[in-house]
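Residue-level structure breakdown
In case you want the letters, here they are:
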Amino acid sequence: MAKTASDTKAKHAAKDAAGGQGEVKKSKAAAGKARGTGGKGGSGKKAAKAEMKAAAIAAAEKAARPDALGTAARTTAENSPQEEDLAVATVRKVAMEGAKTRSEHDLLGDGEVPADALWGIHTKRAVANFPITGVSVGHYPELVRALALVKQAAARSNHRLGYLPKGKAKIIEEACTLVATDPTYAESFVVDAIQGGAGTSTNMNANEVIANVGLRLMGKAPGDYAALHPNDDVNMAQSTNDAYPTALRLAVIFATQPLVKALDDLAYAFKSKAVEFADVLKMGRTQLQDAVPMTLGQEFDGFHATIKEDVARLTEIVGLFREVNLGATAIGTGINADPRYAALAVEELSRLSGQPMVLASNLIEATSDLGAFVLFSGVLKRVAVKLSKICNDLRLLSSGPRTGFGEIRLPAVQAGSSIMPGKVNPVIPEVVNQVAYMVIGHDLTVTLCAEGGQLQLNAFEPTIGYCVLSSLRMLTAAIDTLTKRCIDGIEADRERCRSLVQGSIGLVTALAPTLGYEASSRIARRALKENRAVADLLLEEGLLTEAQLNGLLELEAMTHPTRRQKAGTVV
């Protein structure tokens, strides 16, 4: 085969990796120091040697990766002052024609894959079979990490039980640690997130990547499966039907943590505004009509309370994912696994993940039932609905700026029109609305997928995973954006709020306990018909003195319960 640019680049990468030994030695010393060995001692030397080898491999892979920017463009970008890093979505393709390849074999026969690819023939077929969303499994780092931890727990357990030799177990562990901790390995999880086969393609992708990373750690070429096999070794005592669901559940636990933090930050931002706006009198509304006076602080404190409720619900429901079916293998009978394996594997997974995972009491039920995803997705929908309602309120309260409510001012983050100069739109609440609609749609999809499972397995779990993980990611990003680019910068138009209260007929509700319902209704009708202020009419008719009126219309009197009745005075 002709020598290609990729061959040359790979050679340069190897030189770069070798030339970077000075940095690797620094890492070696630091690693030894972190372990309290100062770089000396048998265990410290072994660990540092492994890290040095891993660093060399990572450097080679980084150099061999296709450059997203041309040299000139990259130089320009590096020299240009940037306010912040911008993440721009790209679609990567692997060019097979003219590339250096290796041959692999599977059930369907032989096939060629790129020589330096960490994935193999099973992954290649899945990529060809499922060009569905363009969103790969590697798009979800929590799932990649979870898959690696499941494989690592399996390797430890199989070694403890005497089925996996020490050397292979050690290599698989090292490879899993790299995949779980280095985000660049996510690029090798290339199968589409939505796929047929109940997640088999994702599991095969993980097996191949971990095996090939292990082979590189052994100094061997990718694809040399006689030394370390994706199925026989990495997938030992496992089936897609227990490894994939377990990883998916663990991934949801991981992905929920940043969402909870984002919600907590949003709740805190609302609470801060509630304190800031505590003395801003405004008109409360029901059915878009004037109701009774309140403060803007009370309105924002309501937003705070409802978000905190969702934090509690999420924290509670995500606990359902701690029950897993690891060790169930194909349908829950544990075929091809030692009877002791399931308990050991879950124990090791808990230790590796830092999460208290437990083995399901009935593995056949746990393999086929996806009720936890239905409940959890419902909570995500609840979060989305509440967020969307809040954003609707923010858009209404900020509408105008002259012809709408105009009670608050949202921060201006971009020009609002290509034709109307000076127009600024509530784009941040708008994008959160749209995310909410996506999450609501995902919830329906999760419901249908869970219902559509048949007999001992649900084949639609990949789509459930795609929907739930996508909802978690979008909600987290949307909430962070809402907090930082909108809520933190909201200002109140105090004069506008007060003028709307003073001109509203809703004031009579606060006076009804004193005037009575009939008199209050009559004043309200006059105020509306004559377009006059309620206060002026009350003074004109002599229903209240100015001192009485001022007392009844004080901020505290109108926004908190003030009517007092002595017990036993009503006959």
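Look a little higher up for the structure.
Quantities reported herein were computed from a predicted structural model and do not represent experimental measurements.

1. Notes on the layout of surface pockets
- Approximately 490 Å³ is the volume found for the second largest pocket.
- Looking at the second largest pocket, it is lined by 24 residues, and the ones nearest its centre are Ser398, Gly400, Pro401, Leu410 and Val424.
- Those elements that place two or more of their residues in the lining of the second largest pocket are strand E7 (408-409) and helix H15 (427-451).
- In terms of residue count, H15 provides more of the lining of the second largest pocket than any other element does, three residues in total.

2. Remarks on the packing of helix H14 (residues 371-397) against H15
- Between H14 and H15, the shortest axis-to-axis distance is 8 Å and the interhelical angle comes to 160 degrees. Judged on the interaxial angle alone, H15 and H14 are roughly antiparallel. Every pair of crossing elements has a handedness; the one defined by H14 and H15 is left-handed.
- Among the residues making up the contact of H14 with H15, the classes are represented as 15 nonpolar, six polar and four charged.

3. A closer look at the pattern of salt bridges
- The final tally for this structure, using the stated rule, is 35 salt bridges.
- Glu347 is the partner of Arg160 in a salt bridge, and the nearest nitrogen-oxygen pair spans 3.3 Å. Highlighted residues: Arg160 in helix H6 (residues 141-160) and Glu347 in helix H12 (residues 341-353), separated in sequence by 187 residues.
- In this structure Arg160 comes out as partly exposed when scored by relative accessible area, which is 44%.

4. A closer look at the packing of aromatic side chains
- Enumeration according to the criterion identifies six aromatic pairs in this entry.
- Relative to Phe300, the ring of Phe277 has its centre 5.4 Å away and its plane inclined at 75 degrees; by these criteria the two rings are edge-to-face. Placement of Phe277 in the loop between helix H10 (240-276) and strand E3 (281-286) and of Phe300 in helix H11 (residues 296-317) is noted, with a sequence separation of 23 residues between them.
- Residue class for Phe300 comes out buried when judged on its relative accessible area of 0%.
- Each ring, one from Phe321 and one from Phe373, has its centre 4.8 Å from the other, and the planes form 55 degrees; the classification is tilted. Here Phe373 lies in helix H14 and Phe321 lies in the loop between H11 and strand E5 (323-324), a separation of 52 residues in the sequence. Residues Phe321 and Phe373 agree in their burial class; the two are buried.
- One aromatic cluster is present, formed by Phe270, Phe277, Phe300 and Phe303 through successive ring pairs.
- It is Arg145 that lies over the ring of Phe254; its NZ or CZ is 3.8 Å from the centre.
- One residue, Arg285, lies across the ring of Phe405, its end atom 4.1 Å from the ring centre.

5. Things to note about H11
- A rise of 1.5 Å per residue sets the reference length of H11, with its 22 residues, at 32 Å; its end C-alpha atoms lie 32 Å apart and thus fit the reference within 8%.
- On the buried face of H11, the contacting elements are H10, E3, strand E4 (289-295), H14, E7 and strand E8 (491-492).

6. Observations concerning the nonpolar core
- Among the nonpolar cores identified, the biggest contains 122 residues, and Phe300, Phe376 and Leu482 are the most heavily contacted of them.
- A total of 19 residues in this core trace back to one element, the largest contributor, which is H10.
- Discounting chain neighbours no more than four positions away, the residues touching Leu482 are Leu266, Leu387, Cys391, Leu394, Ile428, Val432 and Ile487.

7. A look at the packing of H6 against helix H8 (residues 200-217)
- Axis separation between H6 and H8 bottoms out at 10 Å; the angle between their running directions is 70 degrees. In this view, H6 runs roughly perpendicular relative to H8, as classed from their interaxial angle. Judged by the sense of rotation from one axis to the other, the crossing of H6 with H8 is right-handed. Of the residues in H8, those in contact with Leu147, Ala148 and Lys151 of H6 are Thr202, Asn203, Ala206, Asn207 and Ile210.
- Taken together, the residues of the contact of H6 with H8 sort by class into four nonpolar, three polar and one charged.

8. Considerations on a nonpolar patch on the surface
- A cluster of nonpolar side chains, namely Val385, Tyr437 and Ile440, defines an oily patch on the protein surface of about 260 Å² accessible area.
- Position of Tyr437 relative to the elements: it lies in helix H15.
- A relative accessible area of 49% places Tyr437 in the partly exposed class.

9. Observations regarding the pairing of E3
- Both E3 and E4 contribute to a ladder of five bridges, which runs antiparallel. When the bridges of E4 are listed, Lys282 appears paired with Met294.

10. A few points about empty space enclosed by the protein
- On inspection of all chains with the given rule, the structure shows one cavity of 30 Å³ or more.
- Quantified by volume, the largest cavity comes out at close to 60 Å³.
- In this structure, the largest cavity is lined by Val137, Tyr140, Leu143, Ala193, Thr202, Tyr244, Leu248, Pro462, Gly465, Tyr466 and Leu469.
- Every element with two or more residues in the lining of the largest cavity is listed here: H10 and helix H16 (461-485).
- If you tally residues by element for the lining of the largest cavity, the top one is H16, at four residues.
- Each residue belonging to the lining of the largest cavity can be placed in one class, and the counts come to nine nonpolar, two polar and no charged.

So, how was this worked out
- Residues numbered from 1 in each chain as written.
- Predicted model: local features only at pLDDT ≥ 70, side-chain atom pairs only at ≥ 80, totals over all residues.
- Heavy atoms only, no water.
- 1 Å grid on protein atoms, 1.4 Å probe; cavity = no way out; pocket = protein on both sides within 12 Å on 5 of 7 lines; lining within 4 Å.
- Points joined across faces, edges and corners; volume = space filled by probe spheres on them.
- Helix = DSSP H or I, 4+ residues; strand = E, 2+ residues; numbered from the N terminus.
- Axes fitted to C-alpha atoms, helices over the stretch in contact; angles between N-to-C directions.
- Parallel < 35°, antiparallel > 145°, perpendicular 65-115°, else oblique.
- Left-handed = near helix turned anticlockwise from the far one by under 90°.
- Nonpolar A, V, L, I, M, F, W, Y, C, P; charged D, E, K, R; others polar.
- Salt bridge = Lys/Arg side-chain N within 4 Å of Asp/Glu carboxyl O.
- Buried < 20%, exposed > 50% of the residue type's maximum accessible area, 1.4 Å probe, protein only.
- Phe/Tyr/Trp six-rings, centres within 6.5 Å; stacked < 30°, edge-to-face > 60°.
- Lys NZ or Arg CZ within 6 Å of the ring centre and 35° of its normal.
- Expected span 1.5 Å × (residues − 1).
- Contact = heavy atoms within 4.5 Å.
- Core = buried A, V, L, I, M, F, W, Y, C linked by side-chain atoms within 4.5 Å.
- Patch = residues over 30% accessible without salt bridge, like charges linked within 9 Å, V, L, I, M, F, W, Y side chains within 5 Å.
- Areas by Shrake-Rupley, 256 points an atom, 1.4 Å probe, with all protein chains shown as cover.
- Pairing = 2+ DSSP bridges.

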